[in-house]
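Inside the fold
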Amino acid sequence: MYIWIPLCFFCAAVFIITDRREHHTAAAVLKGIASACFVIPGIFSSDGSYTSFLIVSGLILGAAADVVLHMRYVDPKRKKFWFMAGIFLFLSGHIAYIAAVFPYCSHPVICILSALFCTVLLQAWLNRHTEASRTFRIAGTFYVGTFVTLNCIAVGNLITSPSAFSAMFASGAFLFLISDIMLIINTFGTRKSFLRRCVYLYLYYSGQLLIAFSMLHQFARTG
């Protein structure tokens, strides 16, 4: 199944090149194919448990969000709609991931309080480096809080119950976090960077692949 890793990165590269040339419809298709390259190994890595079901659901929602979010370039007249729809799907995927790993959380109160503290700090920093409407800021705060919560729970699980599963999942969630932060800065910041976009896309795909393949160790973690 590891062939899906180079396939994902290759499709991502072709997507970036195609999108750079402003062939947005073809780019949307290629982005969907690249995202399928982390969904498929996720499905085959699943051990059939409820945890795996939630993780696979998160992967599918993330793949759908990839295509929907890119539709703002295909259909610029409804740019705001496609952007918000994509963020909603990503948010739903994060919630599915949280639901998957929260049962393993030994200290939920500490994780939630840590998430609230980190969200306030991160959102304050983002507000200083981005320009967005009040609506986007409110939605953004909720979104930031969700993926920060996911990371706090994942790191907490890794500390209290170290395993290949918790390590890979936490690493994937962290790469996802960095990718999301860079995406927000590139979208709402004063300066857009093509290089930054390439970096956060590859961090994103790397994170999703780590989460997908973490399920190969899920039975050992729960059994």
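Remember, predicted model here, so these are calculated numbers, not experimental data. (Residues numbered from 1 in each chain as written. Predicted model: local features only at pLDDT ≥ 70, side-chain atom pairs only at ≥ 80, totals over all residues. Heavy atoms only, no water.)

**Structural notes on the packing of aromatic side chains**
Counted by the stated rule, this structure contains 15 aromatic pairs. Note on Phe-83 and Phe-188: the rings are 5.7 Å apart at their centroids and 85° apart in plane angle, and the pair reads as edge-to-face. Taken together, the residues span a long stretch of sequence, with Phe-83 in helix H4 (residues 79-101) and Phe-188 in helix H7 (residues 164-188) at a distance of 105 residues. Taking relative accessible area as the criterion, Phe-83 reaches 8% and is therefore assigned buried. Taking relative accessible area as the criterion, Phe-188 reaches 18% and is therefore assigned buried. Taken together through their ring pairs, the aromatic side chains of Phe-38, Phe-90, Phe-176, Tyr-204 and Tyr-205 make up a single cluster. For Arg-20, the ring lying beneath its charged end belongs to Phe-194, and the centroid distance is 4.0 Å. (Phe/Tyr/Trp six-rings, centres within 6.5 Å; stacked < 30°, edge-to-face > 60°. Helix = DSSP H or I, 4+ residues; strand = E, 2+ residues; numbered from the N terminus. Buried < 20%, exposed > 50% of the residue type's maximum accessible area, 1.4 Å probe, protein only. Lys NZ or Arg CZ within 6 Å of the ring centre and 35° of its normal.)

**Here we look at helix H5 (residues 108-129)**
Between its first and last C-alpha atoms H5 spans 31 Å; for 22 residues at 1.5 Å apiece the expected length is 32 Å, and the two agree. Along H5, the residues that are buried comprise Cys-111, Ala-115, Thr-119, Leu-122, Gln-123 and Leu-126. Seen end-on, H5 carries its buried residues on one side only, within an arc spanning 105°. Exposed positions of H5 whose direction lies more than 90 degrees from the buried face are Val-109, Ile-110, Leu-113, Leu-116, Phe-117, Val-120 and Arg-128. (Expected span 1.5 Å × (residues − 1). Arc of directions from axis to C-beta.)

**Notes on the packing of H5 against helix H6 (residues 134-160)**
Where H5 contacts H6, the two axes come as close as 8 Å, and the packing angle between them is 135°. By the angle between their directions, the pair H5 and H6 is classed as oblique. The two elements H5 and H6 meet at a crossing, and its hand is right-handed. From H5, Cys-111, Ser-114, Ala-115, Cys-118, Thr-119, Leu-122, Gln-123, Leu-126 and Asn-127 reach across to H6, where they touch Arg-137, Gly-140, Thr-141, Val-144, Gly-145, Phe-147, Val-148, Thr-149, Cys-152, Ile-153 and Gly-156. (Axes fitted to C-alpha atoms, helices over the stretch in contact; angles between N-to-C directions. Parallel < 35°, antiparallel > 145°, perpendicular 65-115°, else oblique. Left-handed = near helix turned anticlockwise from the far one by under 90°. Contact = heavy atoms within 4.5 Å.)

**Thoughts on the pattern of salt bridges**
Applying the stated rule across the entire model yields two salt bridges. With its nearest N and O atoms 2.6 Å apart, the salt bridge here joins Arg-197 to Asp-19. In this pair, Arg-197 sits in helix H8 (residues 194-214) while Asp-19 sits in helix H1 (residues 4-20), placing the two residues 178 residues apart along the sequence. According to the relative accessible area criterion, Asp-19 is buried, its value standing at 7%. Of the charged contacts in the structure, one is a salt bridge between Asp-75 and Arg-78, with a shortest N-O distance of 2.9 Å. (Salt bridge = Lys/Arg side-chain N within 4 Å of Asp/Glu carboxyl O.)

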